[in-house]
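Chain and residue survey
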Amino acid sequence: MNNTIKGIMQTAMFDNDLLAEKITYNGTEILAIVELGETEKEKSPSLFHQRNTVQMDSDGGITIKEGDVANPKRGDKVIIYGKTYFVASQVLRDSPGGNITLELRADEGGYRIK
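No experiment lies behind these values; they were computed from the predicted model shown.

Within the chain, the secondary structure is distributed over 1 helix and 6 strands. The proportion of buried residues among the 114 residues of the chain is 32%. Look at the contacts in the chain between residues 6 or more apart in sequence, and 55% of them connect residues 24 or more apart. Element-wise, carbon and sulfur atoms account for 51% of the exposed surface of the chain, whose accessible area totals about 7,200 Å².

Printed below as a string of structure tokens:
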């Protein structure tokens, strides 16, 4: 791996004034590129969909420097803007750039459909 290219890419991507934001990953503050959203999922806990409910989930992803987190894994705790998320999966490991993209989930609760 070319460390010069890796250094240039990380400097550009993880500049706190351009793209990166401060997050807390398993208790350690690091810089990450953050992409968050919400998903509404219909669920039916009973037979024949008699009592439909909707589950609200917050989800998204973060891209981090591979050197900031030694071994990111499912279930790791991430705090962004005071809200807790958990790592759901590792989506991409960009070896030349030294970046890791992780998928995040946070259970929000839900409501019933009448």
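Per the counting criterion, the structure on display carries 5 salt bridges. Between R93 and E66 there is a salt bridge, with the nearest N and O atoms lying 3.5 Å from each other. With R93 in strand β5 (residues 83–94) and E66 in the loop between β3 (53–65) and β4 (77–80), the pair connects residues that are 27 residues apart, well separated along the chain. Accessibility expressed as a relative area gives 37% for R93, which makes it partly exposed. Through salt bridges that share partners, K6, E66 and R93 make up one connected network.

Only one face of β4 is buried: it carries V78 and I80, and the other face, with K77 and I79, is open. As paired strands, strand β1 (residues 21–25) and β4 are joined by 2 bridges and run antiparallel to one another. The residue bridging T24 from the neighbouring strand is I79, located in β4. Pairing geometry for β4 and β5, over 4 bridges, is antiparallel. Of the residues in β5, the one forming a bridge with I80 is K83. Between β4 and β5, which pair antiparallel one after the other, the connecting turn spans 2 residues, and Y81 there sits at a positive phi close to 55°.

Turning our eyes to something else, we now look at unusual backbone geometry. Most peptide bonds take the trans configuration, and most residues that are not glycine carry a negative phi. Located in the positive-phi region is N26, a residue other than glycine, with phi close to 50°. Mapped onto the fold, N26 is located in the loop between β1 and β2 (28–43). According to the relative accessible area criterion, N26 is partly exposed, its value standing at 44%.

By secondary structure assignment, the location of D76 is in the loop between β3 and β4. We classify D76 as buried; its relative accessible area is 5%. A polar contact is formed between the side chain of D76 and the backbone nitrogen of K73, at a distance of 3.0 Å. Residues in contact with D76, not counting those within four places in the same chain, are Y25, N26, N71, Y85, F86 and V87.

All right, on to the confidence of the model for the chain then. Averaged over the chain, the pLDDT score is 80; the fraction of residues at 70 or greater is 75%. The least confident element of the chain is strand β6 (residues 99–112), whose mean pLDDT is 74; the most confident is β1, at 95. Under a pLDDT of 50 for its full length, residues 110–114 has, in the predicted model, 14 contacts with residues more than four places off or in other chains.

Rules used throughout
Residues numbered from 1 in each chain as written. Predicted model: local features only at pLDDT ≥ 70, side-chain atom pairs only at ≥ 80, totals over all residues. Heavy atoms only, no water. Helix = DSSP H or I, 4+ residues; strand = E, 2+ residues; numbered from the N terminus. Buried < 20%, exposed > 50% of the residue type's maximum accessible area, 1.4 Å probe, protein only. Contact = heavy atoms within 4.5 Å. Areas by Shrake-Rupley, 256 points an atom, 1.4 Å probe, with all protein chains shown as cover. Salt bridge = Lys/Arg side-chain N within 4 Å of Asp/Glu carboxyl O. Pairing = 2+ DSSP bridges. Polar contact = N/O pair within 3.5 Å; in protein donor to acceptor, adjacent residues only side chain to side chain. pLDDT = per-residue confidence, 0-100.

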